[in-house]
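# Descriptive structure summary
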Amino acid sequence: MSDVRLLDEAFSPPEEMAAFTSAHPQAGGLVSFLGQVRAEPGPHAVEALELKHYAAMTLPGMEALAAATRARWALDGLLIIHRYGVMHPGDPIVLVAAAARHRRDAFAAADFAMDHLKSQSWFWKREKTAAGWRWIEPRPDDHRDLARW
């Protein structure tokens, strides 16, 4: 089963992982990735991050990504949670977790899902620093990561 959620409010990664883990006791491998708003000191520190999205495409796109991920690897479970709205340093943005009988399937599935969310998603991202707001584009590394698949 896949659990795919698009949230406009905070979520608790430890609680989500505890629930995911307990739902898949048969899995020999559980892999998770948590993306959070960076807390960097200095003049370029991020004060806030905002993610906007196109509602008609975002959740269906995330669900299609989950289906494509499950079609490629033998998974017992897949969790994809993504926030939108304004977030602050330390706030979780995305949680991807995969449960599988074997670790390699879990690692590959989580990596695949995250690479697609990062580079081929339905979100527009901007960050606020002392200099004001600026839009953020995917980096060349993000596109190279996606090309691996």
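What comes next is a walk through the structure. (Residues numbered from 1 in each chain as written. Predicted model: local features only at pLDDT ≥ 70, side-chain atom pairs only at ≥ 80, totals over all residues. Heavy atoms only, no water.)

## Points about the packing of helix H2 (residues 55–72) against helix H3 (residues 103–119)
Cut-off, in case you're wondering: For every element, the axis is a line fit to its C-alpha atoms; helices are fit only across the contacting stretch, and the angle between N-to-C directions ranges from 0 to 180 degrees. In this text, helices come from DSSP runs of H or I with a minimum length of four residues, and strands from runs of E with a minimum of two, each type numbered from the N-terminal end. Oblique is the label for any angle not under 35 degrees, not over 145, and not in the 65 to 115 range, which are roughly parallel, roughly antiparallel and roughly perpendicular in turn. What makes a crossing left-handed is the near helix being turned counterclockwise from the far one by less than a right angle; a clockwise turn instead makes it right-handed. Any pair of residues with heavy atoms lying within 4.5 Å of one another is described as a contacting pair. All amino acids are sorted into three groups, where Ala, Val, Leu, Ile, Met, Phe, Trp, Tyr, Cys and Pro are nonpolar, Asp, Glu, Lys and Arg are charged, and the leftover types, Gly among them, are polar.
Between H2 and H3, the shortest axis-to-axis distance is 10 Å and the interhelical angle comes to 150°. Relative to H3, H2 is oriented roughly antiparallel. For the pair H2 and H3, the crossing hand works out as right-handed. The residues of H3 that touch H2, namely those facing Met-62, Leu-65, Ala-68, Thr-69 and Arg-72, are Ala-109, Phe-112, Ala-113, His-116 and Leu-117. When grouped by side-chain class, the residues that make up the contact of H2 with H3 number seven nonpolar, two polar and one charged.

## Let's talk about the packing of aromatic side chains
Put simply, the rule reads: Under the pairing criterion, centres of Phe, Tyr and Trp rings, with the six-membered ring standing for Trp, must be within 6.5 Å; the plane angle then separates stacked pairs below 30 degrees from edge-to-face pairs above 60, leaving the rest tilted. Only protein chains enter the area calculation, which uses a 1.4 Å probe; residues under 20% of their type maximum are buried, those over 50% are exposed, and those in between are partly exposed.
This structure, assessed with the given rule, holds three aromatic pairs. Taken together, a centroid distance of 5.7 Å and an interplanar angle of 90° make the contact between Trp-73 and Trp-149 edge-to-face. Residue Trp-73 is found in the loop between H2 and strand S4 (75–83), and its partner Trp-149 is found in the segment after helix H4 (140–147); the two are separated by 76 residues along the sequence. Trp-73 sits in the buried class, given a relative accessible area of 13%.

## Focus on the sheet that holds strand S5 (residues 85–87)
Strand pairing in a sheet relies on backbone hydrogen bonds. The paired strands run either parallel or antiparallel. The line we're drawing: DSSP-based pairing: two strands are paired if at least 2 bridges between them are found.
With antiparallel pairing, four strands are arranged side by side in an open sheet as S5-S3-S7-S8. With one partner strand each, in any of the chains shown, S5 and strand S8 (132–136) form the two edges of the open sheet. The mean angle between the axes of side-by-side strands here comes to 25°, regardless of whether they run parallel or antiparallel. The pairing of strand S3 (residues 48–53) with strand S7 (residues 123–129) spans six bridges and is classified as antiparallel.

## Remarks on the nonpolar core
Applied cut-off: Among buried residues, those of type Ala, Val, Leu, Ile, Met, Phe, Trp, Tyr and Cys that are joined through side-chain atoms within 4.5 Å constitute a nonpolar core.
In this structure, Met-62, Leu-75, Ile-80, Ile-93, Val-96, Ala-98 and Leu-117 are the most contacted members of the largest nonpolar core, which totals 29 residues. Broken down by secondary-structure element, the contributors of at least two residues to this core are S3, H2, S4, strand S6 (92–100) and H3. Looking at which element gives the most residues to this core, the answer is H3, with eight residues. With ten residues, the next largest nonpolar core counts Met-17, Ala-27, Leu-79 and Leu-95 among its residues.

## A look at the environment of Thr-129
Position of Thr-129 among the secondary structure elements: in strand S7. Accessibility expressed as a relative area gives 12% for Thr-129, which makes it buried. Taking the C-alpha atoms as reference points, Thr-129 and Gly-85, 44 residues apart in sequence, are found 16 Å from one another. Filtering out sequence-adjacent residues up to four positions away, Thr-129 remains in contact with His-44, Ala-45, Val-46 and Glu-47.

## Details of the pattern of salt bridges
What counts here: Think of a salt bridge as a Lys or Arg side-chain nitrogen and an Asp or Glu carboxyl oxygen that are within 4 Å of each other.
Under the criterion given, the structure shown has ten salt bridges. We note a salt bridge from Glu-127 to Arg-134, for which the minimum N-O separation is 2.8 Å. Judged by relative accessible area, which is 46%, Arg-134 ranks as partly exposed. Here Arg-144 and Asp-141 are joined by a salt bridge, their closest N and O atoms 2.0 Å apart.

## With respect to the sheet that holds strand S2 (residues 29–36)
Reading across the sheet, the four strands line up as S1-S4-S6-S2 and stay open at both edges, with mixed pairing between neighbours. The sheet is open, and its two edges are formed by strand S1 (2–7) and S2, each paired on a single side. Neighbour to neighbour, the strand axes of the sheet diverge by 5° on average, direction disregarded. Inspection of the sheet shows S4 paired to S6 by seven bridges, in the antiparallel sense. If you follow His-82 over to S6, its bridge partner there is Val-94.

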